[in-house]
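Single-letter residue listing:
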Amino acid sequence: MANHLVKPDTRNCKRSRELEPQMPDSPELTSLGKSDSSFSESSGLFYKDETLEKDLNDMSKEINLMLSTYAKILSERAAVDASYIDEIDGLFKEANTIENVLIQKRELLRKRFTVIANTLHR
């Protein structure tokens, strides 16, 4: 039973050793590797920052262009709406004028019919 418990432990040890990164034996190689990797990382980050900034600027320009186009369309539609409102106001004024003329004609006809009816009754 003790043998059975030891075997999984040795397997775990082997696996953990295999998973550990291999470290160079000399300290000179270690410092050289770090400086190269940190330089490549920093240059990579600089390149990523540059491309990210360029992409953000491009996207910002596109968004501003779309917003200005949208604002232009909205202002054109507002102008069209304003012209429709002016046209409708003109139509209402004309309709009110026609209504007033018709009311006056109706009153005039009533007076005439009253005069005709009075003359016939005599």
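Scroll up to find the structure.
Residues numbered from 1 in each chain as written. Predicted model: local features only at pLDDT ≥ 70, side-chain atom pairs only at ≥ 80, totals over all residues. Heavy atoms only, no water.

**Looking at the overall build of the protein chain**
- Each helix and strand counted, the protein chain has two helices and zero strands in total.
- The burial tally for the protein chain puts 0% of its 122 residues in the buried class. (Helix = DSSP H or I, 4+ residues; strand = E, 2+ residues; numbered from the N terminus. Buried < 20%, exposed > 50% of the residue type's maximum accessible area, 1.4 Å probe, protein only.)

**Regarding a nonpolar patch on the surface**
- A surface patch of nonpolar side chains, about 600 Å² in accessible area, is lined by L52, L56, M59, I63, M66 and L67.
- Along the chain, the position of M59 falls in helix α2 (residues 27-121). (Patch = residues over 30% accessible without salt bridge, like charges linked within 9 Å, V, L, I, M, F, W, Y side chains within 5 Å. Areas by Shrake-Rupley, 256 points an atom, 1.4 Å probe, with all protein chains shown as cover. Salt bridge = Lys/Arg side-chain N within 4 Å of Asp/Glu carboxyl O.)

**Comments concerning the pattern of salt bridges**
- Under the criterion given, the structure shown has two salt bridges.
- Here K54 and D58 are joined by a salt bridge, their closest N and O atoms 3.5 Å apart. With K54 and D58 both in helix α2 and four residues apart, the pair spans about one turn of that helix.
- Under the relative-accessibility criterion, K54 is labelled exposed at 52%.
- Notably, a salt bridge pairs R110 with E107, separated by 3.4 Å at the nearest N-O pair. On the criterion of helical spacing, the pair formed by R110 and E107 is a turn pair, its members being three residues apart in helix α2.

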